[in-house]
Amino acid sequence: MKAVILLSAGIDPVSGRPAPVPGEIRAIGLARELGVAQMIGLHAGPASPALAEYGGYGLTHILCLKGGETDPVQALAEAVKTHALFADGGPDLVLAASRGRGGSDTGLLPYQLAQALDWPIATDIGAPMEQTAAGQLALAQFRARGAVKPVSVTLPCVVTVPEAARCVPAFVFARQRETRVDEEVVTVHPVSADEEAGTLRPYRRRPKLISGASKDSGGGQLMVDPDPHEAARAIVAHLRALGVLPNAGQAPEA
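Remember, predicted model here, so these are calculated numbers, not experimental data.

Procedures and definitions
- Residues numbered from 1 in each chain as written.
- Predicted model: local features only at pLDDT ≥ 70, side-chain atom pairs only at ≥ 80, totals over all residues.
- Heavy atoms only, no water.
- Salt bridge = Lys/Arg side-chain N within 4 Å of Asp/Glu carboxyl O.
- Helix = DSSP H or I, 4+ residues; strand = E, 2+ residues; numbered from the N terminus.
- Pairing = 2+ DSSP bridges.
- Axes fitted to C-alpha atoms, helices over the stretch in contact; angles between N-to-C directions.

**Q** Summarise the pattern of salt bridges; cite the residues concerned and give the values.
**A** This structure, assessed with the given rule, holds 3 salt bridges. Here arginine 99 makes a salt bridge to glutamate 163, at a shortest N to O gap of 4.0 Å. In this pair, arginine 99 sits in the loop between β4 (93-97) and α3 (109-117) while glutamate 163 sits in the loop between β9 (157-161) and α4 (173-178), placing the two residues 64 residues apart along the sequence. Among the salt bridges present, the one from arginine 101 reaches glutamate 163, with a minimum N-O distance of 3.2 Å. Here arginine 101 is found in the loop between β4 and α3, whereas its partner glutamate 163 is found in the loop between β9 and α4, with 62 residues between them in sequence.

Take a look at the structure:
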């Protein structure tokens, strides 16, 4: 398998200095546990000395897309689609951290990239499991309160790794010195507001669902196997009492 590790401009929360992102370090470790044979780091933005530190965790080659910071999703998607990152075809995996550690980073990027590539995405993956079938990966998804859920995803795919993952590779300083950091100038054309999908319309104030509710508002009405029309009238009356629907003869709020 071949994997791309997405690297961001991480900031240490204590010192405020550039530093590797914990989730991205664990993404490198997860790729190694999955048996990835070829691995490359990909950064949308100019090269910086802090990126070379990822080499100590196992990345031998890091490619920085200078100019890609204008639209990281487009720059990263085009780099993956061109199949120019590896000599023998495109990657099977794109791994990223579940959360960023920089001023302009966002946890939405892996989702947007998966949508741009039309790939499935598996989120909060902390460890691999036994492979179920050819072309698929069995992974362990870390959930709240220490729960672990087995998930299966079809290759190629995007995988996000949380900071709670235990797959932390050892740091070797000699590897960092051997890491090759290349910079490639790319040109992206950000999508304008007029070209974005969706409909723009004026803001309309929404009524609060519990605006008319109070502790002494009563226990409601219990209806056992009611007539559909009677149940509908009761629901409408309740919504009007809460202020969600206007009263009869009252115009809706603009």
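**Q** Help me get a handle on the sheet that holds strand β7 (residues 136-142), residues and values and all.
**A** Taken together, the 3 strands give an open sheet; going across it, the order is β6-β7-β8, and neighbouring strands pair in antiparallel fashion. Each edge of the open sheet is held by one strand with a lone partner, namely β6 (125-128) and β8 (148-154). For this sheet, the mean angle separating the axes of adjacent strands, direction not counted, is 40°. The pairing of β6 with β7 spans 3 bridges and is antiparallel. Paired with isoleucine 125 across the strands is glutamine 141, a residue of β7.

**Q** Report on unusual backbone geometry, specifying residues and quantitative values.
**A** Cis geometry marks the peptide bond from leucine 155 to proline 156, where omega comes out at -5°. Relative to the assigned elements, proline 156 resides in the loop between β8 and β9. For aspartate 118, which is not glycine, the phi torsion reads 60° and is therefore positive. Topologically, aspartate 118 is positioned in the loop between α3 and β5 (121-122). The backbone phi angle of aspartate 225 is positive, close to 50°, even though this residue is not glycine. Tracing the chain through its elements places aspartate 225 in the loop between β10 (180-185) and α5 (228-242).

Treat this as a map of the structure, not an account of what it does.
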